[in-house]
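Structural features, examined
Read off the chains here:
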Amino acid sequence: MSHRLVVLISGSGTNLQAILDAIQDGQLNASVALVLSNKAGVAGLDRAHAAGIPTAVIEHKRFPDREQFDRAMIEAIDPYDPETVVLAGFMRILSDVFVHHYRGKLINIHPSLLPRYPGLHTHQRAIDAGDTQHGCSIHFVTEELDGGPVIAQAVVPIRSNDTAETLSKRVQLREHALYPLVLNWRAAGHVELHQDGVKLHGETLGIQGHQLEWQD
Ligand code: NHR
Ligand code: GAR
């Protein structure tokens, strides 16, 4: 019995691909039941089709407000009864309706070392601030944008000649390793959201979660 995932995307889907590859390679004991995109024609949908996974497109622009868009997504997702709902480059802010419905099951990968740089354009902001380190965070999604409890982070060095583009590529390499790793912990029942924060292997984590540094 593998852990059922539903993956939400808005674009290229390289994190989705990393998850699919890890499942295929036997490194991640899970299955992707549905890939849902808020944009038609994106490359991530082609990746899902190539892997034989059902897809749904629910375009936010066809809905009068965020809540009705979110309710339509819930209706599309719930028949698949996911144990974890994965945001992988999903670019729409979710209303409380959605966040409450999937509380404790909804996780996101964000391209910064939270709590630094919630929101958008994180790579440029880290460079502009003169930071020497950047990275990515996987966190439970709550009503507070990019403010939910962090499960794990991967730290990446910032080099003096980095641009937002070169830095984002380095961070994305780590994203593609971190998401399958954390999802496999989750599939094994080792990651839970509690009132006092995230528990990993039964221990409550600090605000930056479990920190990982890979060697280049
Ligand atoms: N929703 C909630 N409630 N909480 C979070 O923590 C969320 C969330 C929805 C998405 C991902 C997040 C990121 O990793 C995420 C976390 C989009 C925006 C945004 O401003 C901000 C953060 C994130 C995703 N979106 C614009 C909007 O109006 C649209 C931008 C666009 O389409 O390009 O929704 O960074
Ligand atoms: C990833 O780098 C992810 O961290 C970031 O978008 C990229 C999606 O790439 N997410 C956000 O910025 C969320 N606001 P992908 O579609 O190739 O996985």
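Here's what I pulled together on the structure shown here. (Residues numbered from 1 in each chain as written. Chains lettered and ligands numbered in written order. Predicted model: local features only at pLDDT ≥ 70, side-chain atom pairs only at ≥ 80, totals over all residues. Heavy atoms only, no water.)

**A few points about the overall build of the protein chain**
Across its full length, the protein chain holds 6 helices and 11 strands. With 216 residues in all, the protein chain has 48% of them scored as buried. Taking contacts inside the protein chain between residues at least 6 apart in sequence as the whole, the part at least 24 apart equals 64%. Taken as a whole, the protein chain presents about 10,500 Å² of accessible surface, with 48% of it coming from carbon and sulfur. Counting 18 positive and 25 negative side-chain charges, the protein chain places the centres of these two groups 3 Å from one another. (Helix = DSSP H or I, 4+ residues; strand = E, 2+ residues; numbered from the N terminus. Buried < 20%, exposed > 50% of the residue type's maximum accessible area, 1.4 Å probe, protein only. Contact = heavy atoms within 4.5 Å. Areas by Shrake-Rupley, 256 points an atom, 1.4 Å probe, with all protein chains shown as cover. Lys, Arg positive; Asp, Glu negative; His and termini not counted. Charge placed at Lys NZ, Arg CZ, Asp CG, Glu CD.)

**Overview of the pattern of salt bridges**
According to the stated counting rule, one finds 9 salt bridges in the structure shown. Salt-bridge contacts for Glu59 lead to Arg62; the nearest nitrogen and oxygen are separated by 2.7 Å. Among the residues examined, Arg62 registers a relative accessible area of 65% and is labelled exposed. Its salt-bridge partner being Asp162, residue Arg170 comes within 2.8 Å of it at the nearest N-O pair. By the burial criterion, Arg170 is buried, and Asp162 matches it. Through salt bridges with shared partners, a single network forms among Arg4, Asp81 and Glu83. (Salt bridge = Lys/Arg side-chain N within 4 Å of Asp/Glu carboxyl O.)

**Description of the site of ligand 1**
The environment of ligand 1 is made up of 19 residues, and the closest members are Arg66, Leu94, Asn108, His110 and Asp146. Arg66 places a polar side-chain atom, nitrogen or oxygen, 2.8 Å from an oxygen atom of ligand 1. Between Asp146 and ligand 1, the recorded distance is 2.7 Å, taken from a backbone N or O atom to an oxygen atom. Here ligand 1 has 720 Å² of accessible area as a free molecule, and 84% of this is covered by the chains. (Near = heavy atom within 4 Å. Polar contact = N/O pair within 3.5 Å; in protein donor to acceptor, adjacent residues only side chain to side chain.)

**Thoughts on the sheet that holds strand 8 (residues 191-194)**
On the basis of which strands lie adjacent, the open sheet formed by 3 strands has the order 8-9-10 and antiparallel pairing. Two strands close off the open sheet at either side, each with one partner strand: strand 8 and strand 10 (203-204). Summarising the sheet, strand 8 and strand 9 (residues 197-200) pair through 4 bridges and their orientation is antiparallel. Among the inter-strand pairings, His194 is bridged to a residue of strand 9, identified as Gly197. (Pairing = 2+ DSSP bridges.)

**Digging into the site of ligand 2**
By nearness alone, every residue bordering ligand 2 is listed as Ser12, Gly13, Thr14, Asn15, Gly89, Met91, Ile109, Pro111, Gln172 and Glu175. Measuring from an oxygen atom of ligand 2, one finds a backbone N or O atom of Asn15 at 2.9 Å. Glu175 is positioned such that a nitrogen or oxygen atom in its side chain is 2.9 Å from an oxygen atom of ligand 2. Contact with the protein chains hides 85% of the accessible area of ligand 2, taken as 440 Å² for the molecule alone. Only helix 1 (14-24) and helix 6 (164-187) provide two or more residues apiece to the shell around ligand 2. Here the shell around ligand 2 is composed, by residue class, of 3 nonpolar, 6 polar and 1 charged. (Nonpolar A, V, L, I, M, F, W, Y, C, P; charged D, E, K, R; others polar.)

**Comments concerning the packing of aromatic side chains**
If you walk through the whole model with that rule in mind, you get 2 aromatic pairs. The interplanar angle of 55° and the centroid separation of 6.0 Å between the aromatic rings of Phe63 and Phe69 together place this pair among those described as tilted. Classification of Phe63 as partly exposed rests on a relative accessible area of 27%. Under the relative-accessibility criterion, Phe69 is labelled buried at 3%. (Phe/Tyr/Trp six-rings, centres within 6.5 Å; stacked < 30°, edge-to-face > 60°.)

**Comments concerning the sheet that holds strand 6 (residues 133-140)**
The strands making up a sheet are joined through hydrogen bonds of the backbone, oriented either antiparallel or parallel. Reading across the sheet, the 8 strands line up as 3-2-1-4-5-6-7-11 and stay open at both edges, with mixed pairing between neighbours. The open sheet has two edge strands with one neighbour each: strand 3 (55-57) and strand 11 (210-212). Each adjacent strand pair in this sheet contributes to an overall mean axis angle of 20°, direction not counted. Sheet topology places strand 4 (residues 84-87) next to strand 5 (residues 106-110); 3 bridges connect them, and they run parallel. In the strand pairing of strand 5, Val85 is matched with Leu106. Its contacts with the sheet put helix 1 on strand 1 (3-9), strand 2 (30-37), strand 4 and strand 5, and the angle it makes with strand 2 is roughly 160°. Most of the contacts of helix 2 (residues 43-50) go to strand 3, to which it runs at about 155°, and overall it touches strand 1, strand 2 and strand 3. (Axes fitted to C-alpha atoms, helices over the stretch in contact; angles between N-to-C directions.)

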